[in-house]
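# Structural characterization, general
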Amino acid sequence: MDLFSSERIKNILPFDGVTNYYGIILNAKQCAFYYQKLLETIQFKNDEAIVFGKKILTKRKVAWYGESEYSYTYSKVTKTANIFTKELLELKEIVEQESGETYNACLLNLYHSGDEGMAYHSDGEKMLKKDGAIASLSLGAARKFSFKHKENKQRIDIILEKGSLLVMKKGTQTNWLHRLPPTKKVNSPRINLTFRTIEL
Ligand SMILES: O=C(O)CCC(=O)C(=O)O
Ligand SMILES: [Fe+2]
């Protein structure tokens, strides 16, 4: 029996994890509206991270939002989250409806062009709900997104299109790394939102 409500929703991982791709869930008008609103209202900042013991600033910009002003540690630096904006609450509602999960926090990443990406990692910070769903909504330029199995190094690539939803669920963070590879083929910005559940 097909457990999914629609043929369109697929687990893109062959084993050791569930990551469902929902395809495009926002129409062109919603994409344009939210992309613009987020650029205007979200307090994007160059991310501080500790790399080889040194504090660096990333080229991509990030912002953390949530239901409360919780403090969080990401890339070994502790910061305070902003309270959800109206548009983030609307997008959270849409993503919750689609994915059948709930979220209380959101990390936004702004990549100015294909020069900017994110290196292989898994999202397993201590305050994240263990093996909880992480819902990734993409706006702006379409970009390739890659998974690599931690043991056998198998790779799975997917294009995250404008308005698309990808939900990483059980086993994904434990067994797979993921990254956003830099590319010369893209020269326009992309905003990615990852809705998460934080245990405070
Ligand atoms: O930009 C993306 O598509 C992914 C971002 C990501 O992996 C993260 O924020 O942890
Ligand atoms: Fe991630």
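Our subject is the structure listed above.
These figures come from a predicted structure and were not determined experimentally.

Our focus in this paragraph is the pattern of salt bridges. Side chains carrying opposite charge are able to pair once their charged atoms draw close together. In this structure the tally under the stated criterion is 10 salt bridges. As a salt-bridge pair, K86 and E90 come within 3.0 Å of each other at their nearest N and O atoms. Highlighted residues: K86 and E90, both in helix α2 (residues 86-99), separated by 4 residues, approximately one helical turn. For K86, a relative accessible area of 58% puts it in the exposed group. Residue E90 is classed as partly exposed on the basis of its relative accessible area, which comes to 27%. Among the ionic pairs, K184 bridges to D115, the shortest N-O distance being 3.7 Å. Note that K184 is positioned in the loop between β14 (176-180) and β15 (190-196) and D115 in the loop between β8 (105-111) and β9 (118-121), a separation of 69 residues in sequence. According to the relative accessible area criterion, D115 is partly exposed, its value standing at 47%. Salt bridges sharing common partners tie together E67, K92 and E96.

Around the iron ion (ligand 2), the protein supplies H121 (NE2), D123 (OD) and H178 (NE2) as donor atoms, at distances of 2.1 to 2.2 Å. Read from N- to C-terminus, the donor residues coordinating the iron ion (ligand 2) fall into the pattern H-x1-D-x54-H. You'll find H121 and D123 in the same group, each marked buried.

With that out of the way, let us pick up the pairing of β8. The buried fraction of β8 amounts to 7 of the 7 residues, a majority that puts the element mostly inside the structure. With burial as the criterion, each face of β8 is covered, one bearing A105, L107, N109 and Y111 and the other bearing C106, L108 and L110. When strand β4 (residues 54-66) meets β8, the two strands line up antiparallel, connected through 6 bridges. Bridging across to β8, A63 finds its partner in L108.

A few words on the site of ligand 1. Taken together, 14 residues form the shell around ligand 1, and within it Y111, D123, H178, R190 and R196 come nearest. Its free accessible area being 290 Å², ligand 1 has 99% of it covered by the protein chains. It is β15 that contributes the most residues to the shell around ligand 1, 4 residues altogether. Split by residue class, the shell around ligand 1 holds 6 nonpolar, 5 polar and 3 charged.

Before going further, it helps to examine the packing of helix α1 (residues 28-41) against α2. Each pair of packed helices gets described by two things: the angle between the helix axes and the distance between those axes. Where α1 meets α2, the axes come as close as 10 Å, and the angle between the chain directions of the two elements is 140°. Overall, the two elements α1 and α2 adopt an arrangement that is oblique. Every pair of crossing elements has a handedness; the one defined by α1 and α2 is left-handed. Residue-level inspection shows Q30, F33, Y34, K37, L38 and T41 of α1 in contact with α2, the latter providing E87, L88, E90, L91 and I94.

A word on the sheet that holds β14. Taking strand neighbours across the sheet as the criterion, the 4 strands line up as β9-β14-β11-β12 in an open arrangement whose pairing is antiparallel. The open sheet is flanked by β9 and β12 (155-160), the only strands paired with a single partner. Adjacent strand axes in the sheet meet at a mean angle of 15°, parallel and antiparallel pairs treated alike. Pairing of β9 with β14 involves 2 bridges; the strand directions are antiparallel. Bridging across to β14, M118 finds its partner in L180.

The rules we used
- Residues numbered from 1 in each chain as written.
- Chains lettered and ligands numbered in written order.
- Predicted model: local features only at pLDDT ≥ 70, side-chain atom pairs only at ≥ 80, totals over all residues.
- Heavy atoms only, no water.
- Salt bridge = Lys/Arg side-chain N within 4 Å of Asp/Glu carboxyl O.
- Helix = DSSP H or I, 4+ residues; strand = E, 2+ residues; numbered from the N terminus.
- Buried < 20%, exposed > 50% of the residue type's maximum accessible area, 1.4 Å probe, protein only.
- Donors = N, O, S within 2.8 Å, 3.2 Å for Na, K, Ca; no water.
- Pairing = 2+ DSSP bridges.
- Near = heavy atom within 4 Å.
- Areas by Shrake-Rupley, 256 points an atom, 1.4 Å probe, with all protein chains shown as cover.
- Nonpolar A, V, L, I, M, F, W, Y, C, P; charged D, E, K, R; others polar.
- Axes fitted to C-alpha atoms, helices over the stretch in contact; angles between N-to-C directions.
- Parallel < 35°, antiparallel > 145°, perpendicular 65-115°, else oblique.
- Left-handed = near helix turned anticlockwise from the far one by under 90°.
- Contact = heavy atoms within 4.5 Å.

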